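# Coordinate analysis (summary)
What follows is each chain in one-letter form.
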Amino acid sequence: MKPTERMEKIVSLCKRRGFIFQSSEIYGGINGFWDYGPLGAELKRNVKELWWKSMTKMREDVVGLDASIIMHPAIWKASGHCDTFADPMVDCLLTKKRLRADQIEPQSGVAYFWSGAKDEVSGKEVCEPFSALLAPGKPAESARKVATQFYSQRGLQNVVLLGERTEKVENSTKYNPENGALLTEPRMFNLMFKSHAGPVESEENAVYLRPETAQAIFVQFKNVLETSRQKVPFGIAQIGKAFRNEINPRNYTFRSREFEQMELEFFIKPDEVVEKQCGSVASLPESGAPTDPPQANWGWEVWHGYWVEQRMRWYESIGLTRDTLEQYWQKKEELAHYARATVDILYKFPFGTQELEGIAARGNFDLTQHQTHSGKSMEYFDQEATAKYIPHVIEPSAGVDRLLLALICNAYAEEEVVDEKGKAEVRTVMRFHPRVAPIKVGIFPLLKNKPVLVEKALAVRDLLRPFMNVFYDDAGAIGRRYRRQDEAGTPFGVTIDFDTIGENGPEMEGTVTLRHRDSMQQERVKISDLLSILLPQVQ
Ligand code: GAP
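Please read all numbers here as calculations on a predicted model, not as lab measurements.

## Here's the deal with the sheet that holds strand 28 (residues 511-516)
Hydrogen bonding along the main chain pairs the strands of a sheet, whether they run parallel or antiparallel. On the basis of which strands lie adjacent, the open sheet formed by five strands has the order 26-25-27-28-29 and mixed pairing. The open sheet terminates on both sides in strands that have one partner only, identified here as strand 26 (470-472) and strand 29 (522-526). Going from strand to strand, the sheet's axes swing by 25° on average, the running direction of each strand aside. Where strand 25 (residues 441-445) meets strand 27 (residues 492-496), five bridges bridge the pair, whose relative direction is parallel. The residue of strand 27 that forms the bridge with Ile-443 is Val-494. Helix 12 (residues 451-464) contacts strand 25, strand 26 and strand 27 of the sheet and is inclined by roughly 165° relative to strand 25. Across the sheet, helix 13 (residues 478-488) lies against strand 25, strand 26, strand 27, strand 28 and strand 29, angled at about 165° from strand 25, the strand it touches most.

## So, the site of the ligand
Around the ligand, the surrounding shell holds 19 residues, and the nearest of these are Glu-212, Glu-246, Glu-263, Glu-355 and Leu-356. Separating an oxygen atom of the ligand from a side-chain N or O atom of Gln-261 is a distance of 3.0 Å. A distance of 3.0 Å separates an oxygen atom of the ligand from a polar atom in the backbone of Gly-399. Contact with the protein chains hides 88% of the accessible area of the ligand, taken as 550 Å² for the molecule alone. Of all the secondary structure elements, the ones that give two or more residues to the shell around the ligand are strand 16 (258-268), strand 19 (352-361) and strand 22 (392-399). Here the shell around the ligand is built from residues that sort into five nonpolar, five polar and nine charged.

## Comments concerning helix 5 (residues 140-152)
Its 13 residues give helix 5 an end-to-end C-alpha distance of 19 Å, which sits within 8% of 18 Å, the value for a rise of 1.5 Å per residue. Within the span of helix 5, buried status applies to Ala-143, Val-146, Ala-147, Phe-150 and Tyr-151. Within helix 5, the buried residues cover an arc of 135° as seen down the axis, which keeps them to one side. Looking at helix 5, the residues exposed on the side facing more than 90 degrees away from the buried face are Glu-141 and Lys-145. The inward-facing, buried residues of helix 5 contact strand 6 (107-114), strand 7 (116-119), strand 8 (125-126), strand 9 (130-134) and strand 10 (159-162).

Parameters at a glance
- Residues numbered from 1 in each chain as written.
- Predicted model: local features only at pLDDT ≥ 70, side-chain atom pairs only at ≥ 80, totals over all residues.
- Heavy atoms only, no water.
- Pairing = 2+ DSSP bridges.
- Helix = DSSP H or I, 4+ residues; strand = E, 2+ residues; numbered from the N terminus.
- Axes fitted to C-alpha atoms, helices over the stretch in contact; angles between N-to-C directions.
- Contact = heavy atoms within 4.5 Å.
- Near = heavy atom within 4 Å.
- Polar contact = N/O pair within 3.5 Å; in protein donor to acceptor, adjacent residues only side chain to side chain.
- Areas by Shrake-Rupley, 256 points an atom, 1.4 Å probe, with all protein chains shown as cover.
- Nonpolar A, V, L, I, M, F, W, Y, C, P; charged D, E, K, R; others polar.
- Expected span 1.5 Å × (residues − 1).
- Buried < 20%, exposed > 50% of the residue type's maximum accessible area, 1.4 Å probe, protein only.
- Arc of directions from axis to C-beta.

Pasting the structure below:
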């Protein structure tokens, strides 16, 4: 299947089965905003729970935070977002479409220039110059047509183009690749959404929707430190919404304007302090990655390598195998000025291999900035090292929505199977890892008009549902019910039949059929064993 076709099928399944809907759909939608339907909401909740569990509950050295979305605007001045969180943007002079200047594919061809145009009938003149790029092999008339449309928009009806000249151009990014029309010069466009706190819409009351969750962690560093009894090295984790007024939201939910992040700021000792305390700083092993338990002589480089490996292992634990992921170690010239190293974890999406998470070694840039701008000390007194310092930080920062999209793309499969009547059919199945699957078990009474079967099936449902998300389905042929749960990605199905109620002999009484989604294998198990079989697989 071609990647575009695969992506179309995924988008269609997401809508049809209630994973993802376009936001405000009945009003025509709103670009860059998405809603999660019943299955998507469960999937998202599971992913966030698993991240939280692995980052905080399963560790001694990380605690959580849940901060407000709107914070003091001085934070964004200190972090650099007010001044530098911007993309270069250009507008198409013909359609007014806004594009990111750095994402325009270079084009070659013949550029047509006009000094202006006049109306053949009224004689009215427009002296504004215009240009259009003619791609190789296209007739000159198509460039003139674009120019005619441009001047028509400026009030001319019977356009006569004036002062035409041409020039060969190579690898130019000055023209709209969709129609050849000239673009405006790039202007920087800040990606933060602005609003006002309070009734007065003045600059003094201007506030921003946070473009990342990280800054709240830095500004609450001291409060968390004092209340949690943690010692450096330790981390603060947060999951929450972030907002970026992206110029070109694209690739479905991949680049959205409202999204969620799962961020950890892990505070470590500066290397000089580690050296003073331990005599030397451990270096990154040439092969293999540093793993638990962390050691006292780890400096930033080993901590950074450690977190990259931890994050890779976590992705594996939720079903993204290493061969679906890639690591991209940013080159020196690509690093932000404060970053010592950044590794992007990429997933092989059908539309290309793209970033899921960035793991940056940010030095002590953020805490230092907030100390300078707020006038409040961010220093930490390290009793073991008898040293005072501003901690350095390693930041694994992941996007929830991107990860959901990766899990959905990864799960989608079509396969040819034979139905119960021996007919070949295509089965669409979402092969989610049981830990992230929105529904863990489908419960099916074989017949809905047999009260004894229904009663037993409801009892099985009630047995399991305090522990996992179950779906009770008594409608239609059993094969159809299995297929519906295959599409939802439900890893297990439990069927309550006449054996269960002992109609075919006492030896089968109290047993059910347990169906496995991926292999479609069925086994007979006791109802009393169901929880102990299923729970370890879905937790
Ligand atoms: N605090 C660091 C930070 O925010 P980032 O690389 O800008 O770093 C981290 O964002 C992660 O947030 C990305 O790897 C991505 O998963 C997610 N993310 C960023 N912009 C996004 C967008 N417009 N739509 C969806 N997810 C986005």
